[in-house]
Amino acid sequence: MNFSQALDITLDEHGISAKWLSEQTGVSQQMISSFRRGNQRIYSDSLERILAGLPTKARNDLLSKLCKIDTSKIDLRLLVMESSPQEKAELLNALAIWAAQSRENKGSDCLPQAV
């Protein structure tokens, strides 16, 4: 499955519109629609923003479709334990950014569960 197909299916499955994803990521609606149709190549900066803007379940489903892996069988604890100090630092930084953004978006109901 290519990226366009995986993105289109994932967004449909999770009821995510191009407008909503655009608001979350700063990637234009037109660009997201072009990615979905396969009319536009995606580059790393847009891919990173789209992945970061997707809800966790949708992101995992998209990656699962692209990598043909069952993400439910990934042991996150083991991945962290085996990561390098640099990777651990990047993970902690990403979590700190997520936590700060979640606090800003008072509508987030997942922050209390994570903290």
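Attention here is on the structure that accompanies the text.

Parameters and conventions
Residues numbered from 1 in each chain as written. Predicted model: local features only at pLDDT ≥ 70, side-chain atom pairs only at ≥ 80, totals over all residues. Heavy atoms only, no water. Helix = DSSP H or I, 4+ residues; strand = E, 2+ residues; numbered from the N terminus. Buried < 20%, exposed > 50% of the residue type's maximum accessible area, 1.4 Å probe, protein only. Contact = heavy atoms within 4.5 Å. Areas by Shrake-Rupley, 256 points an atom, 1.4 Å probe, with all protein chains shown as cover. Polar contact = N/O pair within 3.5 Å; in protein donor to acceptor, adjacent residues only side chain to side chain. Axes fitted to C-alpha atoms, helices over the stretch in contact; angles between N-to-C directions. Parallel < 35°, antiparallel > 145°, perpendicular 65-115°, else oblique. Left-handed = near helix turned anticlockwise from the far one by under 90°. Nonpolar A, V, L, I, M, F, W, Y, C, P; charged D, E, K, R; others polar.

A look at the overall build of the protein chain
Scanning the protein chain from N- to C-terminus turns up eight helices and zero strands. Helices and strands appear in the protein chain in the N-to-C order α-α-α-α-α-α-α-α. Buried residues in the protein chain amount to 25% of all 115 residues. For the protein chain, long-range pairs separated by at least 24 residues make up 51% of all intrachain contacts whose partners lie at least 6 apart in sequence. Carbon and sulfur atoms form 53% of the exposed surface of the protein chain, whose accessible area is close to 8200 Å².

Quick word on the side chain of Ser-4
When you line up the elements, Ser-4 lands in helix H1 (residues 3-13). A polar contact of 2.7 Å, which involves the side chain of Ser-4, links it to the backbone oxygen of Phe-35. Dropping the residues within four chain positions of it, Ser-4 is found in contact with Phe-35, Arg-36, Arg-37 and Gly-38.

Brief notes about the packing of helix H2 (residues 18-25) against helix H3 (residues 29-37)
The N-to-C vectors of H2 and H3 enclose an angle of 120°; their axes lie 8 Å apart at closest approach. In terms of their interaxial angle, H2 and H3 are classed as oblique. Both H2 and H3 take part in a crossing whose hand is right-handed. Contacts from Ala-18, Lys-19, Leu-21, Ser-22 and Thr-25 in H2 reach Gln-29, Ile-32, Ser-33 and Arg-36 in H3. Residues that form the contact of H2 with H3 fall into these classes: three nonpolar, four polar and two charged.

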